[in-house]
Amino acid sequence: MRYNSFAFLVFAAVFFATWPLVRGRDRSRWVALTLFSFFFYGWWDWRFTTLLAASGLIDYWAALAIEKWRDRRRPLLALSLGCNLTILGAFKYAGFAAESFNSLFEALGGSAWLPVLRMLPPAGLSFYTFQAMSYTIDVYRGRLAATRDIFHFFSYLTLFPQLVAGPIVRAADLLPQLTWGRAVTAEQRWGGLRLMAQGFFKKMVIADNLAPAVNHAFSAFDVTPSAPYWWLVVSMTAFQVYGDFSGYSDIATGLCKWMGYQLLPNFDRPYTAASMREFWTRWHISLTSWFRDYVYYPLGGSRGTEAMTHRNSWLTMLLVGIWHGASWNFVAFGVLHATFLSVERVARIPERLCKLPLGRPAAVLLTLAQVWLGYVLFRAVSFDQATRIILTLFSPGGMDQAGLGLLRPALPFLALGVLWELIAALEPHKWSVTATSGWRQAQIVFTAVLIFCCVYLRGPGSAFVYFQF
Amino acid sequence: MRDPTFQTGLLAIVLILAVALYRPPGRVTGVPPEQLWNQKLLWGPEFDLVLAGDSRTFQGLSPARMRDTVGCRRIANFGFAAAALTTSYLRASEALLDPASSRRALVLGVTPHSLTPNAARENELVSRWTQIRPWHPGLVERQWDNEFLSLAHQERLGVELGVWLGPLFHTLRPLRLGELRSWWGGHRTGYFQTFHPDGWVESRQLPEGNPDAISWSRRIFQGNRISPELTTAAFDWVTAATRRGANVYGFLFPVPAPVAAVEAAVSGWSEIRFAERFQQAGGVWLDFSAKAYASHDDCHLRADAALSLSTDLALAILRHEQKGGAR
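Reading the values: the criteria
- The residue numbering used here restarts from 1 in each chain and proceeds along that chain's sequence as written.
- Whichever chain is written first is A, and whichever ligand is written first is 1; the rest continue in order.
- In keeping with the model being predicted, local features are shown solely for residues with a pLDDT of at least 70 and side-chain atom pairs are shown and tallied solely at 80 or more, while totals for entire chains, interfaces and linings include all residues.
- Starting at the N terminus, helices and strands are each numbered in turn, a helix being any DSSP run of H or I of at least four residues and a strand any DSSP run of E of at least two.
- This radius of gyration counts C-alpha atoms alone. The globule rule is 2.2 Å times how many residues there are, raised to the power 0.38.
- Any residue whose C-beta has 12 or fewer other C-beta atoms within 10 Å is treated as exposed, any with 20 or more as buried, and any in between as partly exposed, C-beta atoms being built from the backbone.
- Throughout, a residue-residue contact means that the two C-beta atoms, derived from backbone geometry, are no farther apart than 7 Å.
- Each domain span listed reflects an automatic or database assignment of domains.
- Basically, the charged four are Asp, Glu, Lys and Arg, the nonpolar ten are Ala, Val, Leu, Ile, Met, Phe, Trp, Tyr, Cys and Pro, and anything else, Gly included, counts as polar.
- At least two bridges found by DSSP between two strands is the condition for calling them paired.
- Helix axes are fitted only over the stretch in contact, all axes being lines through C-alpha atoms; the angle between N-to-C directions runs from 0 to 180 degrees.
- We call a set of buried Ala, Val, Leu, Ile, Met, Phe, Trp, Tyr and Cys residues a nonpolar core when their C-beta atoms link them within 7 Å.
- Here is the rule for handedness: rotate from the far helix to the near one, and if that takes an anticlockwise turn smaller than a right angle the crossing is left-handed, while a clockwise turn gives right-handed.
- In a helix, the anticipated span is given by 1.5 Å times the number of residues less one.

1. Here we look at the overall build of chain A
Now for step 1: Regarding its fold elements, chain A presents 20 helices and zero strands.
Now for step 2: The globule rule puts the C-alpha radius of gyration for 469 residues at 23 Å, and the 23 Å found for chain A is close to it.
Now for step 3: If you line up chain A on its principal axes, its C-alpha atoms span 70 × 65 × 45 Å.
Now for step 4: Residue burial in chain A is summarised as follows: out of 469 residues, 44% are buried.
Now for step 5: Of the contacts formed within chain A by residues at least 6 apart in sequence, a portion of 75% connects residues at least 24 apart.

This is the structure:
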């Protein structure tokens, strides 16, 4: 079910009408959350709820078994992770792996012999699988007590606001909150509404109005031979993906606030980062912190030699790339970011740049250029197209008037995206004026205008980009 | 009342309603488009004659005018933007014919683009199905050889709601910059459309003409020539449909001569060859090339030309039937 659909409007109305009735008692709260979440997920295709249930049951029982048989916890964890990764692999990576294997064989003079299975991955598979794995790993590490109540566990795993496209919430953060049954305060409701209005605005006004221009550019048969055109298209892609995904996170966080729960921020003004390292601490924070805690640190993080640190960073970024999708584009995306991070670690360019006058803005621009290059791989339909676009970006060539004409309707929304990020960079929530009643009135008007814009300035509606992950 | 959530909600509703009530009428009149497109998807087997094709068909043929000419028949325009003449679409069009009718007929408004792979893959009809979930397996089975999509039919409710809430959605449609300007001065330019409940979309662009029509034609057929497989499948369907007792008529949709010449050159279209195979398949090929029909954007017919073509088409069908062609 998409947030920007009529069906969700009805669903949310029914849920929030029911919530005060079930909130008071643990069991009724967890059962209601689980049922509503399964309904939310099953609306797309009910058959995939069985996969969600199976994945959850594996981790629920694995965690209990790990607690009961501490001496056998390692094989139990391996079994649980193996099951999760098998499901993920079968639905998301099997076709890609078989295809790559066949291509390699053909290149070596053999003939393709592996059957290529193309299964449509259920929405949000990577999100809830990672969430489930973090629960079992935390129980294994003794950082979290396994919950005995199956509905308590499933209300955590399937909590509908963040089920399909994150944020990836850790059990240690959410499970204790799910035991709260207190009423939602007016301040929480207001905070939730503001977040949702911002999220819908970023998705429906900024991202959805940029989408047609971006889709058109990447679906064309030929790469338009114009560097300015492609810099504009890639900038639009950057703000489309950002608006879409951070919008979803804001809506999810706002909905959770309306239930009385607090999710950690998933984005922190990523396009104001002055280095690639900083970018990855501001972008999709729940995913990057997951990889940091469960991959990068266990590999040794930056505690070993310089070479080992580079190796750990490369492995982690490669996995981050592959997490996004099964294609060589995403592998290259991971490699590109790993390269940037390694170069940055060795050359320390951002650090040196920031010490110069106007160095920080220059470092931000340099970081953006690197991130933008990554977006080409992220969004291109093939590796070949990505290569041609990257070559075009750095080749001289005038502005193609026909191309510019197609981008023109999206330009105001690109400007709006840039403005939004610039204002966020000023951190208005820290201004002293926020304590005044006038500020509160201004916020009310501003939020109402955002809702108004979602109705009358919305772009052609489309599914959230990150649903596919 | 002092709750900021309540105050925000109230203010937002007031703003939205104010614009809904005072926005200019817009360039779109008649049945709200959101309602018509969804209504088309809900039409049942209730027609004697169905007009199928892409935007040239839904803009270029008026069922009401045809009815006036051929007498009391139930006629529907089932055209959709960029619709391809795929077997699935043709089958869905045929499904609208009343099995009890003695004069079942289908008219295919053929355009070179409706026979291209891109149209088959990306036509708006299919993309609508992917958005609302396909509950009509016949329409999607070819494009989406995918059990998930063909079985996920639970959102038929969405289509029905689209019909009921179409007027509301239309009122809350996005504001465009041109519309904001027209608040003061009225609409002088743009694309004006009147949606009729029988599927005809009476259209006019002001100012008329499209300087990009030729380059646009070249662009859409680039790497996208007419598909022999799609064409053969369409002929197979014509044979099958005529065997099932329907008359199948086809004609090349008239467009200005320079555009037609470019389309033929870049798409691989040959009317003589197509007409011959169409007739061999059991269909009746009609020719409207002797008369010029005015286009408002060098692609689609102006309303007066659409009415004229509708009359000519109805007369051609009558003539064929009178010659004993009716089944």
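Next comes the rest of the write-up.
2. Remarks on the overall build of chain B
Now for step 1: A count of helical and extended segments in chain B gives 16 helices and eight strands.
Now for step 2: Sequence separation of 24 or more characterises 80% of the internal contacts of chain B that already satisfy a separation of 6 or more.

3. Comments concerning the domain arrangement of chain A
Residue and element names in this part refer to chain A.
Now for step 1: Its domain assignment divides chain A into domain 1 (6-183) and domain 2 (187-468).
Now for step 2: Listed by partner, the interface residues are 25 residues for domain 1 and 23 residues for domain 2.
Now for step 3: Looking at the side of domain 1 that touches domain 2, the elements with two or more residues in it are α1 (6-22), α4 (73-107), α5 (125-140), α7 (160-163) and α8 (171-174).
Now for step 4: Here the side of domain 1 that touches domain 2 is built from residues that sort into 15 nonpolar, seven polar and three charged.

4. Examining the sheet that holds strand β5 (residues 190-195) of chain B
All names here are of chain B.
Now for step 1: Strand order in this open sheet of three strands is β1-β5-β6, and the pairing throughout is mixed. The sheet terminates laterally at β1 (28-30) and β6 (201-206), the two strands that pair on one side only. On average, each strand axis in the sheet is tilted by 15 degrees relative to the strand beside it, whichever way the strands run.
Now for step 2: Alignment of β1 against β5, held across three bridges, turns out to be parallel. Along β5, the bridge assignment pairs Val28 with Gln193.

5. Brief notes about the pairing of β5(B)
All names here are of chain B.
Now for step 1: With six bridges connecting them, β5 and β6 associate as antiparallel partners. Counterpart to Phe192 in the pairing with β6 is Arg204.
Now for step 2: Counting the residues between successive antiparallel strands, the hairpin from β5 to β6 contains five residues, one of them, Gly199, with a positive phi of roughly 105 degrees.

6. Things to note about the interface of chain B and chain A
Now for step 1: Taken together, the contact between chain B and chain A spans 20 residues of the former and 20 residues of the latter.
Now for step 2: At the level of elements, α1 (4-22) and α10 (156-171) of chain B are the ones that each hand at least two residues to the side of chain B that touches chain A.
Now for step 3: Per-class residue counts for the side of chain B that touches chain A are 12 nonpolar, seven polar and one charged.

7. As for unusual backbone geometry
Most peptide bonds take the trans form, and the phi angle of most residues other than glycine is negative.
Now for step 1: Residue Leu206(B) is joined to Pro207(B) through a cis peptide bond whose omega torsion reads -5 degrees.
Now for step 2: Its location among the elements puts Pro207(B) in the loop between β6 and α12 (213-220).
Now for step 3: With phi around 40 degrees, His284(A) is a residue other than glycine that occupies positive phi space.
Now for step 4: Along the chain, His284(A) turns up in the loop between α11 (276-282) and α12 (285-299).
Now for step 5: What makes His284(A) buried here is the crowd of 23 C-beta atoms within 10 Å.

8. Considering the environment of Thr179(A)
Now for step 1: By the element assignment, Thr179(A) lies in the loop between α8 and α9 (186-219).
Now for step 2: On a C-alpha basis, the gap between Thr179(A) and Phe378(A) in space is 39 Å, while along the polypeptide they are 199 residues apart.

9. Concerning the nonpolar core
Proteins that are soluble and globular tend to have nonpolar side chains buried together.
Now for step 1: Counting 126 residues, the largest nonpolar core has Leu210(A), Val233(A) and Met236(A) as the members making the most contacts within it.
Now for step 2: In terms of residue count, helix α10 (residues 227-259) of chain A provides more of this core than any other element does, 17 residues in total.
Now for step 3: A domain split of this core shows at least three residues from each of domain 1 (6-183) and domain 2 (187-468) of chain A.
Now for step 4: Each residue touching Val233(A), except ones within four places of it in the same chain, is listed here: Val214(A), Ala217(A) and Leu407(A).
Now for step 5: Counting residues in each nonpolar core, the second largest holds 59 residues, with Tyr89(B), Ala234(B), Val238(B) and Leu252(B) among its members.

10. Looking at the sheet that holds strand β8 (residues 284-286) of chain B
Residues and elements named next belong to chain B.
Now for step 1: Taken together, five strands build an open sheet; the order of strands is β3-β2-β4-β7-β8 and the sheet is parallel. In this open sheet, the two strands that pair with only one neighbour each are β3 (75-77) and β8. On average, each strand axis in the sheet is tilted by 20 degrees relative to the strand beside it, whichever way the strands run.
Now for step 2: The pairing of strand β2 (residues 49-53) with strand β4 (residues 105-110) spans five bridges and is classified as parallel. Of the residues in β4, the one forming a bridge with Ala52 is Leu108.
Now for step 3: In the packing of helix α4 (residues 63-70) onto the sheet, the strands contacted are β2 and β3, and the crossing angle to β3 comes to about 155 degrees.

11. Structural notes on the environment of Leu341(A)
Residue and element names in this part refer to chain A.
Now for step 1: Looking at the secondary structure, you find Leu341 in helix α14 (residues 328-347).
Now for step 2: Once the C-alpha coordinates of Leu341 and Pro115 are considered, the two residues, 226 residues apart in sequence, prove to be 37 Å apart.
Now for step 3: Setting aside residues up to four positions removed in sequence, Leu341 forms contacts with Met276, Arg277, Ser313 and Met317.

12. Considerations on the packing of α9(A) against helix α20 (residues 437-456) of chain A
Residues and elements named next belong to chain A.
Now for step 1: Where α9 contacts α20, the two axes come as close as 9 Å, and the packing angle between them is 35 degrees. Here α9 runs over α20; the crossing is left-handed. On α20, the residues that touch Leu193, Arg194, Ala197, Gln198, Phe200, Phe201, Met204 and Val205 of α9 are Gln443, Thr447, Leu450, Ile451, Cys453 and Cys454.
Now for step 2: Class assignment of the residues belonging to the contact of α9 with α20 gives a composition of 10 nonpolar, three polar and one charged.

13. Here we look at helix α19 (residues 411-425) of chain A
Residue pairs three or four apart in sequence face the same way in an α-helix, which turns once every 3.6 residues.
Residue and element names in this part refer to chain A.
Now for step 1: In this model, α19 (15 residues) spans 21 Å end to end at C-alpha, consistent with the 21 Å of a helix rising 1.5 Å per residue.
Now for step 2: Tucked into the core, α19 has its buried residues touching α9 and α10.
Now for step 3: Glu427 lies just past α19 and shows a positive phi near 50 degrees.

14. So, the environment of Val70(B)
All names here are of chain B.
Now for step 1: Checked against the element boundaries, Val70 lands in helix α4.
Now for step 2: Val70 sits in the buried class, given 20 other C-beta atoms within 10 Å.
Now for step 3: Excluding residues within four positions of it along the chain, Val70 makes contact with Ala314, Ile317 and Leu318.

15. What about the packing of α10(A) against helix α17 (residues 383-393) of chain A?
All names here are of chain A.
Now for step 1: At a minimum axis distance of 8 Å, the contact between α10 and α17 shows a crossing angle of 120 degrees. In the crossing of α10 with α17, the sense of the turn from one axis to the other is left-handed. Contact with α10, carried on its side by Ala227, Trp230 and Trp231, involves Ile389, Thr392 and Leu393 of α17 and no other residues of that element.
Now for step 2: A class-by-class count of the residues in the contact of α10 with α17 yields five nonpolar, one polar and no charged.

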